[in-house]
Amino acid sequence: MKITLLESLGIPAHVLTQYRTELESQGHTFTAYHEKTTDPDELIRRTGDSDIAIIANNPYPARVVKGAPNLKMLDVAFTGIDHVALDACREKGVMVCNAAGYSTQCVAELAIGLTVSCLRQMPACETATRTGGVGGPLRGREIAGRTVGIVGTGAIGIRTAQLFLAFGAKVIAYSRTVKPEVEAMGVTYVSLEELMERSDIVSLHVPNNDQTKGMISRELLAKMQPTAILINVARGAIVDNEALAEALNKGIIAGAGIDVFDMEPPIPADYPLLQAKNTVLTPHVAFATDESMLRRAEIVFQNVRAYLAGQPENVCKL
């Protein structure tokens, strides 16, 4: 089969060579592109007559799916698949597999990092240090003893809850599915409205889909405590970010740590959150560590192995 990697996986060259050698030794053709592109025509050209195409988090629109005559499996080196034209894949019979699990630890860790940055006013502390200021006015707050609301108890939400518990926080959660293993950790499930009202820290861990798009609405933000902070390392579209910026600027909530936006970085200069008060912003890097990139690559190429063996893994429902 013809297998094509359409963009870099962020792994060392020698590691990619090992995967290439494995596939080519089995009689398959492997082509790798190292530069990202969002141009549909270029994606069609790169995909060509591939049987299997590997992408990461750049869009793969319907025109590209329809323009790939031999495409049988789309291997997504990412957890979320909302950037893929799923309807087109379904209509064409293209199997979509993802890399679920590769970023669980690093995304959970960044949720903690953003929380600490917000509570301890780390951006303001750094600015003060670099400009001859002092720390007296920059008194922080601790995670220990606070109530953390976890929205979504998938793998990342559960790991984030574990880390917050290790800090000494009380954790409550909202999810469509109540999981006994989460309750066994000492986590109590509540309604989304109650979670927003009670939590000192709200951390979001749900995918972007028809049910979650815009779920953190202006009305729900208004239910939060004025001392509370919101952490989003999930998907930008699940929050009304214009309302969030307004809530921050009006003091409705105390702060926010945001890694995901309504678009992929670079962020337009007029984007509301860029001017919002008391924010810590990172450019969609929660998933990206040296360790996670190696885990991701192994899952991606294991997806290829499994598909070629007729026992596909990590198959997504379309």
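Residues numbered from 1 in each chain as written. Predicted model: local features only at pLDDT ≥ 70, side-chain atom pairs only at ≥ 80, totals over all residues. Heavy atoms only, no water.

> What am I meant to see in helix 5 (residues 104-119) here?
Side chains of residues three or four places apart in an α-helix project in the same direction, reflecting 3.6 residues per turn. With 16 residues, helix 5 extends 23 Å between its outermost C-alpha atoms, agreeing within 8% with the 22 Å of an ideal straight helix rising 1.5 Å per residue. Among the 16 residues in helix 5, twelve count as buried, and that is most of the element. Those residues of helix 5 not exposed but buried are Thr-104, Cys-106, Val-107, Ala-108, Leu-110, Ala-111, Ile-112, Leu-114, Thr-115, Ser-117, Cys-118 and Leu-119. Of the residues flanking the end of helix 5, it is Gln-121, one or two places downstream, whose phi is positive at about 50°. (Helix = DSSP H or I, 4+ residues; strand = E, 2+ residues; numbered from the N terminus. Expected span 1.5 Å × (residues − 1). Buried < 20%, exposed > 50% of the residue type's maximum accessible area, 1.4 Å probe, protein only.)

> When you look at the sheet that holds strand 5 (residues 95-97) in this model, what are you seeing that I'm missing?
Strand pairing within a sheet occurs via backbone hydrogen bonds; the two strands may be parallel or antiparallel. Overall, parallel pairing links the five strands, which are arranged 2-1-3-4-5 in an open sheet. In this open sheet, the two strands that pair with only one neighbour each are strand 2 (29-32) and strand 5. Within this sheet the neighbouring strands show an average axis-to-axis angle of 15°, counted without direction. Bridging between strand 1 (residues 2-5) and strand 2 involves four bridges; their strand directions are parallel. Of the residues in strand 2, the one forming a bridge with Thr-4 is Thr-31. Contacting strand 1 and strand 2, helix 1 (residues 13-25) runs over the sheet at an angle of about 155° to strand 2. (Pairing = 2+ DSSP bridges. Axes fitted to C-alpha atoms, helices over the stretch in contact; angles between N-to-C directions. Contact = heavy atoms within 4.5 Å.)

> Looking at this model, I keep getting lost on the sheet that holds strand 6 (residues 147-151). Mind explaining?
Overall, parallel pairing links the seven strands, which are arranged 8-7-6-9-10-11-12 in an open sheet. Edge strands, defined here as strands with exactly one partner in the open sheet, are strand 8 (188-189) and strand 12 (279-281). Strand direction decides the pairing type here: strand 10 (residues 229-232) and strand 11 (residues 255-258), joined by four bridges, are parallel. Paired with Ile-231 across the two strands is Gly-257, which belongs to strand 11.

> I keep staring at the pattern of salt bridges and nothing clicks. Help me out?
Any two side chains of opposite charge can pair, so long as their charged atoms come close to each other. Tallied over the full model, the rule gives 16 salt bridges. For Asp-87, the salt bridge is made with Arg-90, and the minimal N-O distance between the two is 2.8 Å. A residue pair is termed a helical-turn pair when its members lie 3 or 4 positions apart in one helix, as Asp-87 and Arg-90 do in helix 4 (residues 86-92) at three residues. In this structure, Arg-305 and Glu-298 form a salt bridge, with 3.0 Å as the shortest nitrogen-oxygen distance. Given a relative accessible area of 24%, Arg-305 falls into the partly exposed group. On the basis of relative accessible area, Glu-298 is assigned to the partly exposed category, the value being 34%. Each of Glu-22, Glu-298 and Arg-305 takes part in a single network of salt bridges with overlapping partners. (Salt bridge = Lys/Arg side-chain N within 4 Å of Asp/Glu carboxyl O.)

> What should I look at first to understand the environment of Leu-165 in this one?
Within the secondary structure, Leu-165 is located in helix 7 (residues 155-166). The exposure class assigned to Leu-165 is partly exposed, which follows from its relative accessible area of 28%. Considered as a pair, Leu-165 and Ile-143 are 22 residues apart in the sequence and their alpha carbons are 9.5 Å apart. The contact partners of Leu-165, leaving out residues within four places of it in the chain, are Val-171, Met-185 and Val-187.

> Hey, could you run me through the side chain of His-28 in this one?
Residue placement: His-28 occurs in the loop between helix 1 and strand 2. When near neighbours in sequence (up to four residues on either side) are disregarded, His-28 contacts Met-1, Ile-3, Leu-23 and Leu-308.

> When you look at unusual backbone geometry in this model, what are you seeing that I'm missing?
Leaving glycine aside, a negative phi is the common case for residues, and trans is the common case for peptide bonds. At the junction of Pro-265 and Pro-266, the peptide bond is cis and its omega measures out at 10° in the coordinates. Of note in the backbone geometry, His-284 takes a positive phi value of approximately 55° without being a glycine. Note on placement: His-284 falls in the loop between strand 12 and helix 12 (290-308). Of the residues examined, His-284 reaches a relative accessible area of 9% and is grouped as buried.

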